[in-house]
Protein chains: 2
Amino acid sequence: MSKTLIFGHKNPDTDTICSAIAYADLKTQLGAHVEAVRLGEMNGETTFALNYFQVEAPRPIDKVASHTNEVILVDHNEQQQSADDISDVVVTEVIDHHRIANFETAGPIYCRIEPVGCTATIIKKIYEENQLTIPKEIAGLMLSAIISDSLLFKSPTCTEQDVQAARELATIAGVDADSYGLDMLKAGADVSTKSVQQLLTLDAKIFTMGDFKTEIAQVNTVDPNDVLSRQMELEDEINKLITAKHLDLFVFVITDILENDSVALVLGKQTAAFEQAFEEKLTNHTARLQGVVSRKKQVVPPLTNVLSQM
Amino acid sequence: MSKTLIFGHKNPDTDTICSAIAYADLKTQLGAHVEAVRLGEMNGETTFALNYFQVEAPRPIDKVASHTNEVILVDHNEQQQSADDISDVVVTEVIDHHRIANFETAGPIYCRIEPVGCTATIIKKIYEENQLTIPKEIAGLMLSAIISDSLLFKSPTCTEQDVQAARELATIAGVDADSYGLDMLKAGADVSTKSVQQLLTLDAKIFTMGDFKTEIAQVNTVDPNDVLSRQMELEDEINKLITAKHLDLFVFVITDILENDSVALVLGKQTAAFEQAFEEKLTNHTARLQGVVSRKKQVVPPLTNVLSQM
Ligand SMILES: [Mn+2]
Ligand SMILES: [Mn+2]
């Protein structure tokens, strides 16, 4: 029998990689024949976490059906975020913390989706429900996942359950959550090595809001000025994207992980909608968004509100 | 704020009703403002269980959006099995043991689906995870749900987890699972009061198998002869259904809950496919199916196999 593969979403983040590794450990402890794999390149933050806790990176794979007949999804459930040939294999389990959509199974499966800030928080519960021990290095990775998804507990997506889980995992891992977490976030926030194109595309999503098409890209940094020093270049590239994709609005959210707010660089025909949504005038195409760190919870809703009423 | 309504599927069975009541108790213990309701009439088996443990029946409702904005689904997730206006309200939780299909949420929710034999088995775990006490009468209803979905642990859908949960629930409820369970199943298996039309429609599902349309109805009884004594009448009615619905095959599964097997009454153009699927010749349109009690696990798969290769 071939191994059941465990993986998270494409463009993997720290939660996707670390939750796949942790759940593979959990299932192995329960006697299952599984392997954690990944769909795509790892980012600098995740690489830092794996190096710190000396855990090997999961094997990268492209398609799954040539490797196995059964897979377990972590940190996602929507088909378009998963392996391209996901419909050719059987999903036997899902552990996730996102909305449920574009997902269907032939028979009953183990599906554990909870409205918490991180998949690793759910996996910690499953360890406990099965009275299993979390190995020290796995605890470190699970802690890294929670810190990453919650921006060190500052994101509005972070719940009391995530904070409590992180506290216990830090103890098992033998690290100080705050100082380790900041080091890890900084490793992922090194913008100096990234091209303007990379900054604008590594974490970008397009949204339809009313009759308008808005793209919102986001990057983490320890100092937004490290990014804004390339504002001219960025604007050139953004204007090309607006033309090529027929966008009405492009919002580039440069998040300051030390101050827990963001600077937005905003271009396109509908910049007035941005100003109305955030009650903030743009100066030289930029505005500081006090306390804003979550695209999902703090940027998309107010913009959708304004644009869908125009 | 209006109450969150908790309910199971249309044509409610014992698991749907009892799991709604149990989960409402659990959520109330956790401080939530909830009410168990039902979509449709209760069957004789469920009524027996509620009377035995002296629990009031949930209030029947038709549509949900006029009552509340938030609902919790138990024992189902597919939209067409739920309230007609389910898309007008927000589903905040799902506790279920069926396949996932035709289900989508706007945001992350608490979704707990496990491949066990009964929803009540999952709810028992959630009581324990929250360190809550299961009241005696609620334990009785949860036991009833497991006995019903597993036909007293004889169905191939029944797992070791269901058996273990039922054992513990019987102790809390203070009843003997086997003798209580048989009484409950018998109460639901009283066919004398049902019309031929009711026998053929109360639990009937249509399946597309290859190029063919098959309807499979099922009824529980303590003696299949109580049903087959009306074979002439039944055949007349089945032939009417075949004509009206353009069916290629109609299989009426009369399940003997004491012997744990079934007699099938089979009509339509594709009766040969039935004979091939079960390696059993029909005599006077009937065949005994040794050990067959589950439509989902034992009737649909072999028929689908044969018909989809024709
Ligand atoms: Mn995540
Ligand atoms: Mn059920």
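Residues numbered from 1 in each chain as written. Chains lettered and ligands numbered in written order. Predicted model: local features only at pLDDT ≥ 70, side-chain atom pairs only at ≥ 80, totals over all residues. Heavy atoms only, no water.

- Named according to an unreviewed UniProt entry, chain A is Probable manganese-dependent inorganic pyrophosphatase originating from Shouchella lonarensis.

**Here we look at the overall build of chain A**
Next, step 1: A tally of helices and strands in chain A yields eleven helices and eleven strands.
Next, step 2: Against the compact-globule benchmark of 19 Å for 310 residues, chain A has a radius of gyration of 20 Å, which places it among compact chains.
Next, step 3: Across its three principal axes, chain A shows a C-alpha extent of roughly 60 × 45 × 35 Å.
Next, step 4: Within chain A, the proportion of its 310 residues that are buried is 56%.
Next, step 5: Once local pairs closer than 6 in sequence are excluded, the contacts in chain A between residues at least 24 apart make up 64%. (Helix = DSSP H or I, 4+ residues; strand = E, 2+ residues; numbered from the N terminus. Rg over C-alpha atoms; globule rule 2.2 N^0.38 Å. Buried < 20%, exposed > 50% of the residue type's maximum accessible area, 1.4 Å probe, protein only. Contact = heavy atoms within 4.5 Å.)

**A look at the coordination of the manganese ion (ligand 1)**
All names here are of chain A.
Next, step 1: Looking at the manganese ion (ligand 1), the protein donor atoms are Asp15 (OD), Asp75 (OD), His97 (NE2) and Asp149 (OD), and they sit 2.1 to 2.3 Å from it.
Next, step 2: Coordination of the manganese ion (ligand 1) draws on donor residues from a single chain, spaced D-x59-D-x21-H-x51-D in sequence. Residue Asp75 is found in the loop between strand S4 (70-74) and strand S5 (90-96), and its partner Asp149 is found in helix H4 (residues 136-150); the two are separated by 74 residues along the sequence.
Next, step 3: The exposure class assigned to Asp75 is buried, which follows from its relative accessible area of 1%.
Next, step 4: Judged by its relative accessible area of 19%, Asp149 falls in the buried class. (Donors = N, O, S within 2.8 Å, 3.2 Å for Na, K, Ca; no water.)

**Some thoughts on the relation of the copies chain B and chain A**
Each of the two chain copies goes to the other by way of a rotation about an axis and a shift along it.
Next, step 1: Between the two copies, chain B and chain A, the superposition gives an RMSD of 0.2 Å; the rotation angle is 180° and the shift along the axis is 0.2 Å. Both copies are brought into coincidence by an operation consistent with a two-fold rotation axis. Relative to the rotation axis, the closest C-alpha in chain B is found at Arg112 of chain B, a distance of 2.5 Å.
Next, step 2: A share of 100% of the interface residues of chain B reappears at the interface of chain A, consistent with the copies meeting face to face through the same patch. (Least-squares fit on C-alpha atoms with pLDDT ≥ 70 in both.)

**Remarks on the UniProt feature "binding site: Mn(2+) 1" (unreviewed entry) in chain A**
Residue and element names in this part refer to chain A.
Next, step 1: Mapped onto the present numbering, the UniProt feature "binding site: Mn(2+) 1" (unreviewed entry) falls at His9, Asp13 and Asp75. What stands out for the annotated residues spanning 67 residues is how close their C-alpha atoms remain, the widest pair being 9.5 Å apart.
Next, step 2: As for its placement among the helices and strands, His9 is situated in the loop between strand S1 (4-7) and helix H1 (14-29).
Next, step 3: Setting aside chain neighbours within four positions, we find His9 in contact with Thr16, Leu39, Val74, Asp75, His76 and Gln81.
Next, step 4: Within the structure, His9 has its side chain in polar contact with the side chain of Asp13 (distance 3.4 Å).
Next, step 5: Filtering out sequence-adjacent residues up to four positions away, Asp75 remains in contact with His9, Asp13, Asp15, Thr16, Ile95, Asp96, His97, His98, Thr119 and Asp149.
Next, step 6: Reaching out from Asp75, the side chain makes a polar contact with the side chain of His9 at a distance of 3.1 Å. (UniProt positions renumbered as here; feature names shortened; annotations may be inferred. Polar contact = N/O pair within 3.5 Å; in protein donor to acceptor, adjacent residues only side chain to side chain.)

**Notes on the nonpolar core**
In a soluble, globular protein the nonpolar side chains are often hidden away together inside.
Next, step 1: If you look at the biggest cluster of nonpolar residues, it comprises 52 residues, and the most contacted ones within it are Tyr23, Tyr127, Met142 and Leu143 of chain A.
Next, step 2: If sequence neighbours within four positions are ignored, Met142 of chain A has contacts with Ala22, Ala120, Ile123, Lys124, Tyr127, Ile134 and Leu169 of chain A.
Next, step 3: Membership of the second largest hydrophobic core comes to 51 residues, among which are Ile17, Ile138, Ala166 and Leu169 of chain B. (Core = buried A, V, L, I, M, F, W, Y, C linked by side-chain atoms within 4.5 Å.)

**Quick word on helix H6 (residues 177-188) of chain B**
Residues and elements named next belong to chain B.
Next, step 1: If you check H6, its first and last C-alpha atoms are 16 Å apart, about what twelve residues at 1.5 Å a residue would give, namely 16 Å.
Next, step 2: Regarding H6, the residues found buried are Ala177, Tyr180, Gly181, Met184, Leu185 and Gly188. One side of H6 holds all its buried residues, which, seen down the axis, span an arc of 130°.
Next, step 3: In the core, the buried residues of H6 are packed alongside helix H2 (44-52), helix H4 (136-150) and helix H5 (160-173). (Expected span 1.5 Å × (residues − 1). Arc of directions from axis to C-beta.)

**Thoughts on the coordination of the manganese ion (ligand 2)**
Next, step 1: For the manganese ion (ligand 2), every protein donor is listed as Asp15 of chain B (OD), Asp75 of chain B (OD), His97 of chain B (NE2) and Asp149 of chain B (OD), and the spread of their distances is 2.1 to 2.3 Å.
Next, step 2: Coordination of the manganese ion (ligand 2) draws on donor residues from a single chain, spaced D-x59-D-x21-H-x51-D in sequence.

**Focus: the packing of helix H10 (residues 271-278) of chain B against helix H11 (residues 295-307) of chain B**
All names here are of chain B.
Next, step 1: Contact geometry of H10 with H11 gives a least axis separation of 9 Å together with a crossing angle of 115°. The orientation of H10 with respect to H11, classified from their angle, is roughly perpendicular. For the pair H10 and H11, the crossing hand works out as right-handed. Taken together, the residues of H11 that come into contact with H10 (itself represented by Ala273, Phe274, Gln276, Ala277 and Phe278) are Gln298, Val299, Pro302, Leu303, Val306 and Leu307. (Axes fitted to C-alpha atoms, helices over the stretch in contact; angles between N-to-C directions. Parallel < 35°, antiparallel > 145°, perpendicular 65-115°, else oblique. Left-handed = near helix turned anticlockwise from the far one by under 90°.)

**Here we look at the interface of chain B and chain A**
Next, step 1: Facing the 20 residues of chain B at the interface are 20 residues of chain A.
Next, step 2: For the chain B and chain A pair, buried surface summed over both sides reaches about 1700 Å², with 56% attributable to carbon and sulfur atoms.
Next, step 3: Of all residues in chain B, Arg99, Ile100 and Pro108 of chain B give up the largest surface area on contact with chain A, accounting jointly for 30% of the area buried on that side.
Next, step 4: At the junction of chain B and chain A, the tally comes to zero salt bridges.
Next, step 5: For the pair chain B and chain A, the number of links is four residue pairs in polar contact (both at pLDDT 80 or more). (Buried area = accessible area lost by both parts, 1.4 Å probe. Salt bridge = Lys/Arg side-chain N within 4 Å of Asp/Glu carboxyl O.)

**Some details on the UniProt feature "domain: DHHA2" (unreviewed entry) in chain A**
Next, step 1: The feature "domain: DHHA2" (unreviewed entry), as given by UniProt, occupies residues 181-307 of chain A in the numbering adopted here.
Next, step 2: Segment residues 181-307 of chain A splits into 43% helix and 28% strand. End C-alpha atoms: 37 Å apart.

**Thoughts on the sheet that holds strand S11 (residues 286-289) of chain A**
Residues and elements named next belong to chain A.
Next, step 1: A sheet is described by the order of its strands in space; here five strands give the open sequence S7-S8-S9-S10-S11, paired in mixed fashion. With partners counted over all chains shown, the strands left at the sheet margins are strand S7 (204-209) and S11, one partner each. Geometrically, the sheet is characterised by an average inter-axis angle of 25° between neighbouring strands, direction not taken into account.
Next, step 2: Bridge count for strand S9 (residues 249-256) against strand S10 (residues 261-267) is seven bridges, and the pairing is antiparallel. What sits directly across from Val253, in S10, is Ala264.
Next, step 3: Where helix H9 (residues 231-245) meets the sheet, it contacts S7, strand S8 (212-221), S9, S10 and S11, and its direction lies at approximately 55° from that of S10. (Pairing = 2+ DSSP bridges.)

**Re the pattern of salt bridges**
Residues and elements named next belong to chain B.
Next, step 1: Evaluated as defined, the whole model comprises 34 salt bridges over all chains.
Next, step 2: For Glu114, the salt bridge is made with Arg112, and the minimal N-O distance between the two is 2.7 Å.
Next, step 3: Classification of Arg112 by relative accessible area gives buried; the value is 0%.
Next, step 4: For the salt bridge of Glu237 with Lys240, the shortest nitrogen-to-oxygen distance reads 3.9 Å. In this pair, Glu237 and Lys240 are both assigned in helix H9 (residues 231-245), three residues apart and thus about one turn of the helix distant.

**Description of H4 of chain B**
All names here are of chain B.
Next, step 1: For H4, spanning 15 residues, the distance from its first C-alpha to its last is 21 Å, which sits close to the expected 21 Å at 1.5 Å a residue.
Next, step 2: The element H4 is largely enclosed, with a buried count of 13 among its 15 residues.
Next, step 3: Just downstream of H4 lies Leu151, where phi reads positive at about 45°.

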